[in-house]
Amino acid sequence: MEDIITLKNIDYSYYGKIPALKDINFSVKKGEMFSIIGLNGSGKTTLLHIINALIFPDAGDILFEGNAVTEKSLKEKSPGMQFRQRVGYIFQNSDIQLFCPTVFDELLFGPLQLNLPLETAQERAEQTLSYLGIGYLKDRPVYMLSGGEKKRVAIASVLTMNPDVLLVDEPLSNLDPKTQTFFIELLLELNQAGKTIIFTTHQLDLIDHMQPRVAVLTDEHTIRKTGTASEILSDEELLISVNLIHEHAHKHGNEEHKHYHSHYVFHKH
Ligand SMILES: Nc1ncnc2c1ncn2[C@@H]1O[C@H](COP(=O)(O)OP(=O)(O)O)[C@@H](O)[C@H]1O
Ligand SMILES: [Mg+2]
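Residues numbered from 1 in each chain as written. Chains lettered and ligands numbered in written order. Predicted model: local features only at pLDDT ≥ 70, side-chain atom pairs only at ≥ 80, totals over all residues. Heavy atoms only, no water.

Asks: Can you help me understand the packing of helix α5 (residues 103–113) against helix α7 (residues 147–159) in this one?
Replies: Where α5 meets α7, the axes come as close as 7 Å, and the angle between the chain directions of the two elements is 30 degrees. One finds that α5 runs roughly parallel with respect to α7. Relative to α7, the crossing made by α5 is right-handed. The residues of α7 that touch α5, namely those facing V103, E106 and L107, are V153, A156 and S157. Tallied by class, residues from the contact of α5 with α7 come to four nonpolar, one polar and one charged. (Axes fitted to C-alpha atoms, helices over the stretch in contact; angles between N-to-C directions. Helix = DSSP H or I, 4+ residues; strand = E, 2+ residues; numbered from the N terminus. Parallel < 35°, antiparallel > 145°, perpendicular 65-115°, else oblique. Left-handed = near helix turned anticlockwise from the far one by under 90°. Contact = heavy atoms within 4.5 Å. Nonpolar A, V, L, I, M, F, W, Y, C, P; charged D, E, K, R; others polar.)

Structure representation (structure tokens):
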């Protein structure tokens, strides 16, 4: 399969002094499920912002289907439009994403930005509402939604654009278990339907469940290893070195017992 996104030697720092990414290299193939994992502060969100061209690297190149994505290339109208249309971003915090008066306006916004006729935009919005089972929210103001509903609307507002690539920052964060399951199953379904999905997480159980290819970010903002989910999950030494699992000592009766601990894998007695 051909590469859809390629990162070459990406460096980024905030205000030229807070390092966030150092020499990042990897490619994501068309239709792939790919995850960026690392502790808080390792650079996951910054990396997704770079991939979405919300910010631009200090050094290095981002390619989309082999073409450089730069501030300049995005301004050249049609290829720029295409990139914005083809790559969708679901923020960790839905409040950043939602700004229209009602849910339906929110869903119309993307298609209208793409200059689709109003009727087509409305059809897409209706289809997406029904696909996500949130038709009953159509006329609600966004501030009258629960966290889980906001997340569904934020997802819907991206899906109305029908992007080929979905960037998802921490899909589980701040969601109730029901919405978490809904979201994960949806991402698997969209991937089955051919969409490329890139998500971030620090939760190894999510990697075990989704089985993406994985890039592991370190505290020093570099990539320590890229591999399949099972290659990464079976590499205890790696996961300890990036603090995604830690040694955990406790007592069974009077006997001290040590094992490596994450919230899910390696928790064997
Ligand atoms: N807006 C910002 N201004 C300054 N520093 C930032 C900003 N956003 C993130 N950083 C810093 O960049 C580094 C990477 O952060 P981030 O990409 O948010 O990591 P993660 O998403 O893995 O938690 C951290 O040291 C963080 O403090
Ligand atoms: Mg983050």
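Asks: Looking at this structure, how should I read the pattern of salt bridges?
Replies: Pairs can form between side chains of opposite charge whenever their charged atoms are close. A full pass over the atoms with the stated rule returns 13 salt bridges. Note that E2 is salt-bridged to K30, the shortest N-O span being 3.6 Å. You can see E2 sitting in the segment before β1 (3–14) and its partner K30 sitting in the loop between β2 (18–29) and β3 (33–37), a full 28 residues away along the chain. Put simply, R86 and E65 hold a salt bridge, and the shortest N to O gap is 2.7 Å. Here the residue R86 occupies a position in helix α3 (residues 77–86), and E65 occupies one in the loop between β4 (59–64) and β5 (67–68), the gap between them amounting to 21 residues. Judged by relative accessible area, R86 falls into the buried class, the value being 14%. Salt bridges sharing common partners tie together E2, K30, E65, R86 and D164. (Salt bridge = Lys/Arg side-chain N within 4 Å of Asp/Glu carboxyl O. Buried < 20%, exposed > 50% of the residue type's maximum accessible area, 1.4 Å probe, protein only.)

Asks: Please clarify how the site of ligand 1 should be interpreted in this entry.
Replies: If you check the shell around ligand 1, you find Y14, Y15, I18, A20, L39, N40, G41, S42, G43, K44, T45 and T46 and nothing else. G43 places a main-chain nitrogen or oxygen 3.0 Å from an oxygen atom of ligand 1. Between ligand 1 and the protein, one listed contact pairs an oxygen atom with a side-chain N or O atom of T45 at 2.8 Å. Calculation on ligand 1 without its partners gives an accessible area of 560 Å², and the protein chains cover 66% of this total. (Near = heavy atom within 4 Å. Polar contact = N/O pair within 3.5 Å; in protein donor to acceptor, adjacent residues only side chain to side chain. Areas by Shrake-Rupley, 256 points an atom, 1.4 Å probe, with all protein chains shown as cover.)

Asks: Explain the sheet that holds strand β10 (residues 223–228) to me, please; I cannot follow it from the model alone.
Replies: Sheets are built from strands that pair by backbone hydrogen bonding, the pairs being arranged parallel or antiparallel. Read across the sheet, six strands follow the order β6-β7-β8-β3-β9-β10 without closing on themselves; strand pairing throughout is mixed. At either margin of the open sheet sits one strand with a lone partner, and together these are β6 (87–90) and β10. Here the average twist between neighbouring strands, direction ignored, is 15 degrees. Bridging between β3 and strand β9 (residues 213–217) involves four bridges; their strand directions are parallel. Across the sheet, the residue bridging to I36 is A215, located in β9. Strand contacts of helix α1 (residues 44–51): β3, β6, β7 (165–168), β8 (196–201) and β9, with the helix running at about 135 degrees to β3, the strand carrying the most contacts. (Pairing = 2+ DSSP bridges.)

Asks: How should the sheet that holds β1 be read in this particular structure?
Replies: Read from one edge to the other, the open sheet built from four strands follows the order β2-β1-β4-β5, with strand pairing classed as antiparallel. The open sheet has two free edges, formed respectively by β2 and β5, since each of these has just one partner strand. Inspection of the sheet shows β1 paired to β2 by eight bridges, in the antiparallel sense. Its bridge partner lying in β2, L7 is registered against F26.

Asks: Help me out: how do you make sense of the pairing of β4 in this one?
Replies: The side chains of a regular strand alternate between the sheet's two faces. Relative to β4, β1 is paired through five bridges, and the arrangement is antiparallel. If you follow T6 over to β4, its bridge partner there is L63. Strand direction decides the pairing type here: β4 and β5, joined by two bridges, are antiparallel. Each residue of the ladder has a partner; that of F64, found in β5, is N67.

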